[in-house]
Amino acid sequence: MTQDTAHPAPQRIGVLRETFPREKRVATVPDVVEKLRQLGFAVAIETGAGDAANFSDDAYRAVGAEVLPSAAAVWQAADIVFKVRPPTADEVALMHPGQILIDFIWPAQNPELMQQLAARQVTVLAIDALPRTLSRAQKMDALTSMAGVSGYRAVIEAANAFGRFFNGQITAAGKVPPAKVFIAGAGVAGLSAIGTAANMGAIVRANDTRAEVADQVTSLGGEFVKVDYEEDGAGGGGYAKVMSEGFQAAQRQMYAQQAQDADIIITTALIPGKPAPKLITAEMVRSMKPGSVIVDMAAEQGGNCELTVADEALVRYGVTIIGYTDLASRLAKQSSTLYATNLLRLTEELCKAKNGVAVVNMEDDAIRGLTVIKDGTITWPAPPLVVAPKPAPTATAATPAAETKKKGGHGHGSSGPLPARTLALLFAVVALAFWGIGAYAPAAFLGHFTVFVLACFIGYMVVWNVTPALHTPLMSVTNAISSIIALGALVQIAPPGTAGTGRPDELIRWLALAALVLTAINMFGGFAVTRRMLAMFRK
């Protein structure tokens with residue numbers, strides 16, 4: 001009996017126990033297994049695959065996964081295989097044609113592995129090859145997820161090796177100064193390390209070749225240290241590029257100064273497809289204070305420090321140099337959960353019909369970027385993404401300026417939204433209105449009006465000069481304050497016991513009552529919003 005091609009049989013996803021030394025992560029977790037089954041897939045997992053991350057076989061069975069006794073059984077039964085580390089030669093030998101492998105592959109660093117996989121006539125989706133510039137790909141970006149975990153763990157490892165508190169303290173036994181932490185590289189891992197170290201109370205400084213990350217460093221509580229050399233370090237895909245020799249010389253000088261002052265240095269600098277750049281020389285290590293710590297997060301690619309040894313923590317010149325390559329694995333439960341969620345989002349893109357069948361659509365930019373081998377054919381590297389060109393200035397946009405010149409106007413084309421003649425006329429009307437108010441308005445009104453105009457001007461200038469990130473809490477506070485001012489103004493304009501008939505008094509009181517209700521809502525609402533905003537930044 002043949003299978004109906006219009007309704008193909010659901011596929012089975014296999015999850016293996018990682019064999020790489022010190023690797024504790026697992027490619028999926030019980031909570032995600034439930035969601036994979038809702039997409040129509042069956043799930044099989046090798047026994048013990050989640051033990052190192054504290055996910056038992058029974059937890060997988062409880063959500064409907066089949067637990068198989070060996071890796072060979074999983075490779076044989078699975079149509080799609082989830083992994084964390086690249087497969088070994090023995091694992092590649094167990095693959096069968098038509099199988100889909102989703103994994104960290106690093107095709108630039110593993111050409112022999114790519115040839116071995118292609119020979120097995122399989123399809124390989126390298127999660128590390130995801131085009132990170134696509135906004136919709138962020139939910140699948142496992143590199144970002146793992147870098148965030150690694151940055152956090154790097155600070156924990158530094159704190160473990162460091163001999164003091166991170167935060168400054170004043171105790172009866174004496175004063176403890178805060179630790180000084182320098183972060184080299186402010187990508188995802190660096191920003192995670194900055195936020196963690198700052199939250200622990202350290203004085204944090206950071207540098208990156210990409211000047212646009214300075215605001216992100218500052219927002220996390222760090223200080224951006226700029227290299228005294230003008231050059232843009234932004235590369236493709238959100239990574240840094242190789243800098244000129246002049247920039248590197250200025251950068252080394254800045255690093256040498258920071259090394260003498262810092263207690264802890266965390267390096268995160270990587271360039272795709274190239275060895276990690278050497279940022280910290282042996283001479284810089286020698287200049288550091290005894291008891292200082294260096295955590296080299298680029299150790300797996302050769303290290304940013306000349307003295308780093310991969311997977312070891314050694315002491316040189318009194319400085320502890322940590323070169324662990326398994327930082328994400330040291331928080332196995334958290335990193336496994338994040339990685340499993342990334343693979344779930346990818347699976348949703350592969351199975352939009354929710355029928356348990358993955359479709360590798362090479363017309364989809366994200367899927368095409370991930371697919372390094374398709375049915376045995378190497379398709380890496382993917383063609384560059386087509387970036388929509390910036391819209392050119394249209395002819396109609398220049399028409400008003402051209403017409404102004406034709407009519408003998410004195411405008412300056414695109415220098416402003418309004419021609420000079422219109423601005424002059426507007427200024428004259430406003431000036432005339434102010435003259436009329438000053439000449440004929442009552443003295444009491446004129447005083448209040450002057451205060452009102454000055455308050456508007458000062459308030460505008462205050463809000464305009466505030467960082468946009470702070471506008472919401474600032475506006476909530478100013479709304480609350482303005483409510484109090486409005487109530488005070490009403491009391492001052494209409495004091496109780498006004499002479500004359502009772503009708504004006506009653507009208508003013510009713511208006512004051514309405515104003516009281518509205519401004520009370522505004523006032524308490526402003527303080528409520530402020531409190532919620534500030535709560536976001538509390539531990």
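From a predicted model like this one, the values you see are computed outputs, not experimental measurements.

A. Quick look at the overall build of the protein chain. Helix and strand content of the protein chain: 17 helices and 17 strands. The proportion of buried residues among the 539 residues of the protein chain is 39%. Taken as a whole, the protein chain presents about 29500 Å² of accessible surface, with 61% of it coming from carbon and sulfur.

B. Region of the structure containing the pairing of strand 2 (residues 42–46). Buried residues dominate strand 2, accounting for four of its five residues. By the bridge criterion, four bridges tie strand 1 (residues 12–15) to strand 2 in an arrangement that is parallel. Within the sheet, the bridge partner assigned to Val-15 lies in strand 2 and is Ile-45. At this point the chain moves from strand 1, through helix 1 (residues 30–38), to the parallel strand 2, and the crossover so formed is right-handed. Looking at chain direction, strand 2 and strand 3 (residues 66–68) are connected through three bridges and run parallel. If you follow Ala-44 over to strand 3, its bridge partner there is Glu-66.

C. Examining the confidence of the model for the protein chain more closely. On average, the protein chain scores 85 in pLDDT, and the residues at 70 or more come to 81%. Contacts of residues 498–504 to residues separated by more than four positions or lying in other chains number one contact, the stretch itself having pLDDT below 50.

D. A look at helix 5 (residues 111–119). Residues Leu-113, Met-114, Leu-117 and Ala-118 constitute the buried set of helix 5. Summarising the axial view, the buried residues of helix 5 lie within an arc of 135 degrees, below the 170-degree limit, and thus occupy one face. Summarising the geometry of helix 5, the exposed residues directed more than 90 degrees from the buried face are Glu-112, Gln-115 and Ala-119. At its buried positions, helix 5 is contacted by helix 4 (89–93), strand 5 (100–103), strand 6 (123–126), strand 16 (371–374) and strand 17 (377–378). Following helix 5 by one or two positions, Gln-121 has its phi on the positive side, about 60 degrees.

Procedures and definitions
- Residues numbered from 1 in each chain as written.
- Predicted model: local features only at pLDDT ≥ 70, side-chain atom pairs only at ≥ 80, totals over all residues.
- Heavy atoms only, no water.
- Helix = DSSP H or I, 4+ residues; strand = E, 2+ residues; numbered from the N terminus.
- Buried < 20%, exposed > 50% of the residue type's maximum accessible area, 1.4 Å probe, protein only.
- Areas by Shrake-Rupley, 256 points an atom, 1.4 Å probe, with all protein chains shown as cover.
- Pairing = 2+ DSSP bridges.
- Right-handed = clockwise from strand over helix to strand, strands pointing away.
- pLDDT = per-residue confidence, 0-100.
- Contact = heavy atoms within 4.5 Å.
- Arc of directions from axis to C-beta.

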